[in-house]
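# Architecture at a glance
Chain by chain, the residues run as shown.
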Amino acid sequence: MKIVYQGEVTETAVGTVAGFLNGRNIPVQSVIAELNGEICGGRDAEMQMLRDGDVLNVFRIVAGG
Amino acid sequence: MTANVYLSGEERAILESARIGIAGAGGLGSNCAAHLVRAGVRRLVIADFDTVAASNLNRQFFFRDQLGRKKIDALRENLLRIEPGLELEMRDVRLDAGNIASVFASCGIVAEAFDCAEAKAMLLRELLPAGKTVVAASGIAGWGKSGAITVRRIGNNLVMVGDFKTGVDPAAGIHPASPRVGIAAAMQANSIVALILKKEL
């Protein structure tokens, strides 16, 4: 199936948001994930299955302040 | 009274009635607070446990004669020099998952102003599901690339500023410094004022 990830159409296998991110070496706790305009973090990201056409954006949380 | 003589009566009333939380009084928090006060915000809840160190003076709204003092005390003093009529609730506390919601219970909007990535994530994890509006920052270290720092509305109740990439990395020589941290702090304050006044971010 295809999702739009970071603005680009991306082919991916069926799985969860956290699984998709883990496959890209992105620990879900190190980012804010936005799925179809809603924040999807923590347990939600572990449970939420991606569907064809989903729009997923992630924003890295890095140190500095 | 507020520090901003250019406000309309309506804007003044709206800004004066808002109560804004600031989690951390370092580079982001101290400068964001000063911008908010100058803009016309009068009520702030600011939490920090730390003292002013020499390494803070490259970016934080403190002065050399305040070294060693509690940041909340020094910041209170500095903000009151801008506007004596402020209502400041300064909390000497290390914020964590167990206390952050109660510290900011009276605030509709909270600025995330930590330096540590884990603390930033903790705040988002605790306050967003509770429906609090959070204005956070990520990716503000180093020099240059001013235009890479953007404001993003994420979901219903999160605004983030930063480039989401450039974190503090001492081994790589990437440190927080006044220009970029200041840009981000100003963007956080600007976003908060826009949210309060229901303007475009």
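Data block above holds the structure.
I will try to describe carefully the structure that is included in this document. Quick caveat, the model's predicted, so the values are computed rather than measured.

## Topic: the packing of aromatic side chains
Residue and element names in this part refer to chain A. Tallied over the full model, the rule gives three aromatic pairs over all chains. Measuring from centroid to centroid gives 4.9 Å for Tyr5 and Phe20, while their planes differ by 75°, and the two rings are edge-to-face. In this pair, Tyr5 sits in strand β1 (residues 2-5) while Phe20 sits in helix α1 (residues 17-22), placing the two residues 15 residues apart along the sequence. For the pair formed by Tyr5 and Phe20, the shared burial category is buried. One cation-aromatic arrangement involves Arg24 over Tyr5; the distance from NZ or CZ to the ring centre is 5.4 Å.

## So, the pairing of strand β6 (residues 150-154) of chain B
Residues and elements named next belong to chain B. Across five bridges, the pairing between β6 and strand β7 (residues 158-162) is antiparallel. Looking across to β7, one finds that Arg153 is bridged to Val159. Hairpin connection, β6 to β7: the antiparallel pair is bridged by three residues, and Gly155 has positive phi, about 65°.

## Considering the interface of chain B and chain A
The partner chain A presents 13 residues to the 28 residues of chain B that form the contact. Surface buried jointly by chain B and chain A totals about 1,600 Å² across both partners, of which 63% is contributed by carbon and sulfur atoms. Counting across the interface, chain B meets chain A through zero salt bridges. Counting the contacts that link chain B with chain A gives eight residue pairs in polar contact (both at pLDDT 80 or more). Counting only elements with at least two residues in the side of chain B that touches chain A, the list comes to α2 (27-39), α5 (117-127), β6 and β7 of chain B. Element by element, the count of residues in the side of chain B that touches chain A is highest for α5 of chain B, at four residues. Classifying every residue of the side of chain B that touches chain A gives 14 nonpolar, eight polar and six charged.

Rules used throughout
Residues numbered from 1 in each chain as written. Chains lettered and ligands numbered in written order. Predicted model: local features only at pLDDT ≥ 70, side-chain atom pairs only at ≥ 80, totals over all residues. Heavy atoms only, no water. Phe/Tyr/Trp six-rings, centres within 6.5 Å; stacked < 30°, edge-to-face > 60°. Helix = DSSP H or I, 4+ residues; strand = E, 2+ residues; numbered from the N terminus. Buried < 20%, exposed > 50% of the residue type's maximum accessible area, 1.4 Å probe, protein only. Lys NZ or Arg CZ within 6 Å of the ring centre and 35° of its normal. Pairing = 2+ DSSP bridges. Contact = heavy atoms within 4.5 Å. Buried area = accessible area lost by both parts, 1.4 Å probe. Salt bridge = Lys/Arg side-chain N within 4 Å of Asp/Glu carboxyl O. Polar contact = N/O pair within 3.5 Å; in protein donor to acceptor, adjacent residues only side chain to side chain. Nonpolar A, V, L, I, M, F, W, Y, C, P; charged D, E, K, R; others polar.

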